[in-house]
Amino acid sequence: MAKGPNLDPEIEALDLAPTAKEAAYELKKAHPSVIFTSGRRNKRDQARAMSENVILNRKWIEQTYAKTFARDNCQKWVDENPGRTTQEEIEAGLASIIDALPDAELARLSKHLSGDAFDVQPVTEDADKIKATICSLPGLKVFLDMEGGLIRWHAQF
């Protein structure tokens, strides 16, 4: 991992846990054009990120996240509030659910909350090479290039 003057401000700003951070540096070294779009998130950032996808697909949460109490409650809120259609309304509703979750449930909802995941801007040029590099990163547990029918590149450690 980079140290001192070799630190990458873009990667450092992601506030990743050690394994994910090391992987991000390795990915950037192999593919300098890679753009990171998300790293560690607080609860409100998680609600915002989810809401941005829910406005495109109201079943995105259940189609993306593993079945957990947290996932089910977030999806339930979306299902029970069909009149809430703006990103801001959905974000506020999801934030109310996420804020009420115990830490153990939060950890099961998204690895972004612990800094153990990052997202990369999907590209078409060299996509297969970049995806292959991501899949070979040490400590990688999950790589998704589609979430709930939407093109998203998500690496989880």
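Above this text is the structure in question.
What comes next is a walk through the structure. Because the structure is a prediction, the values reported are computed rather than measured. Residues take numbers from 1 onward in each chain, read along the sequence in its written order. Local features in a predicted model are, by the rule used here, given only for residues with pLDDT of at least 70; side-chain atom pairs are given and counted only at 80 or more, and totals for whole chains, interfaces and linings are based on all residues. Side-chain measures here rest on the full set of heavy atoms in the structure, leaving out hydrogens and waters.

## Observations concerning the overall build of the protein chain
Counting its secondary structure elements, the protein chain contains eight helices and four strands. Put simply, the protein chain runs from its N terminus to its C terminus through helices and strands in the order α-α-β-α-α-α-α-α-β-α-β-β. A globule of 157 residues ought to have a C-alpha radius of gyration of about 15 Å, and the protein chain, at 16 Å, matches this closely. Judged by the C-alpha coordinates and their principal axes, the protein chain covers about 50 × 30 × 25 Å. Sequence-distant contacts in the protein chain: of pairs separated by 6 or more residues, those separated by 24 or more amount to 61%. Helix and strand assignments come from DSSP, with helices taken as H or I runs of at least 4 residues and strands as E runs of at least 2, each series counted from the N terminus. Here the radius of gyration uses the C-alpha set of atoms, whereas the globule reference equals 2.2 Å times the residue count to the power 0.38. By definition in these notes, contact holds between two residues if any of their heavy atoms fall within 4.5 Å.

## Comments concerning the pairing of strand S4 (residues 153-156)
In this scheme, a residue with accessible area under 20% of its type's maximum is buried, one over 50% is exposed, and one in between is partly exposed, where area comes from a 1.4 Å probe on protein chains only. Along S4, one buried face is formed by Trp153 and Ala155 and the opposite face, lined by His154 and Gln156, is buried too. Only strands that DSSP links by at least two bridges are regarded as paired with each other. Here four bridges tie strand S2 (residues 117-120) to S4, and the two strands are oriented antiparallel to one another. Within S4, the position partnered with alanine 117 by the bridge is glutamine 156. Where strand S3 (residues 142-144) lies against S4, three bridges are found, and the strand directions are antiparallel.

## Here's the deal with helix H3 (residues 43-54)
Under the 1.5 Å per step criterion, the end-to-end length of H3 is 16 Å for twelve residues, consistent within 8% with the ideal 16 Å. Of the surrounding elements, those touching the buried residues of H3 are helix H4 (60-64), helix H5 (69-80), helix H6 (87-99) and helix H7 (103-109). Multiplying 1.5 Å by the helix residue count minus one yields the expected span of that helix.

## Things to note about the nonpolar core
Residues belong to one nonpolar core when they are buried, are Ala, Val, Leu, Ile, Met, Phe, Trp, Tyr or Cys, and are joined through side-chain atoms within 4.5 Å. Leu27, Phe36, Phe118 and Ile134 are the most contacted members of the largest nonpolar core, which totals 20 residues. Only helix H2 (18-30), S2, helix H8 (127-135) and S4 provide two or more residues apiece to this core. Sort the elements by how many residues they give to this core and H2 lands first, with five residues. Discounting chain neighbours no more than four positions away, the residues touching leucine 27 are Val34, Phe36, Phe118, Val120, Ile130, Thr133, Ile134 and Leu137. Core analysis: the next-biggest nonpolar cluster, separate from the first, contains 19 residues, Met50, Val54, Trp60 and Leu109 among them.

## Observations regarding the sheet that holds strand S1 (residues 36-38)
Spatially, four strands are ordered S1-S2-S4-S3 in an open sheet, and the strand pairing comes out antiparallel. For this open sheet the edge positions go to S1 and S3, each flanked by a neighbour on one side alone. Strand after strand, the sheet turns through a mean of 25° between neighbouring axes, direction not considered. Sheet analysis places S1 next to S2, joined by two bridges and oriented antiparallel. Only the contacting stretch of a helix is used when fitting its axis, a line to C-alpha atoms as for every element, and angles between N-to-C directions run 0 to 180 degrees.

## Some details on the packing of H3 against H6
Direction vectors running N to C along H3 and H6 enclose 135°, while the axes themselves pass 8 Å from each other. Judged on the interaxial angle alone, H6 and H3 are oblique. For the element pair H3 and H6, the recorded crossing hand is right-handed. Contacts between H3 and H6 involve Lys43, Arg44, Gln46, Ala47, Arg48, Met50, Ser51, Glu52 and Val54 from the former and Gln87, Ile90, Glu91, Ala92, Leu94, Ala95, Ile98 and Asp99 from the latter. Class assignment of the residues belonging to the contact of H3 with H6 gives a composition of eight nonpolar, three polar and six charged. With respect to orientation, any angle under 35 degrees is reported as roughly parallel, any angle over 145 as roughly antiparallel, any angle of 65 to 115 as roughly perpendicular, and every other angle as oblique. Left-handed describes a crossing in which the near helix is turned anticlockwise from the far one by less than a right angle; the clockwise case is right-handed. Under the convention adopted here, Pro, Cys and the residues Ala, Val, Leu, Ile, Met, Phe, Trp and Tyr are nonpolar, Asp, Glu, Lys and Arg are charged, and Gly plus all remaining residues are polar.

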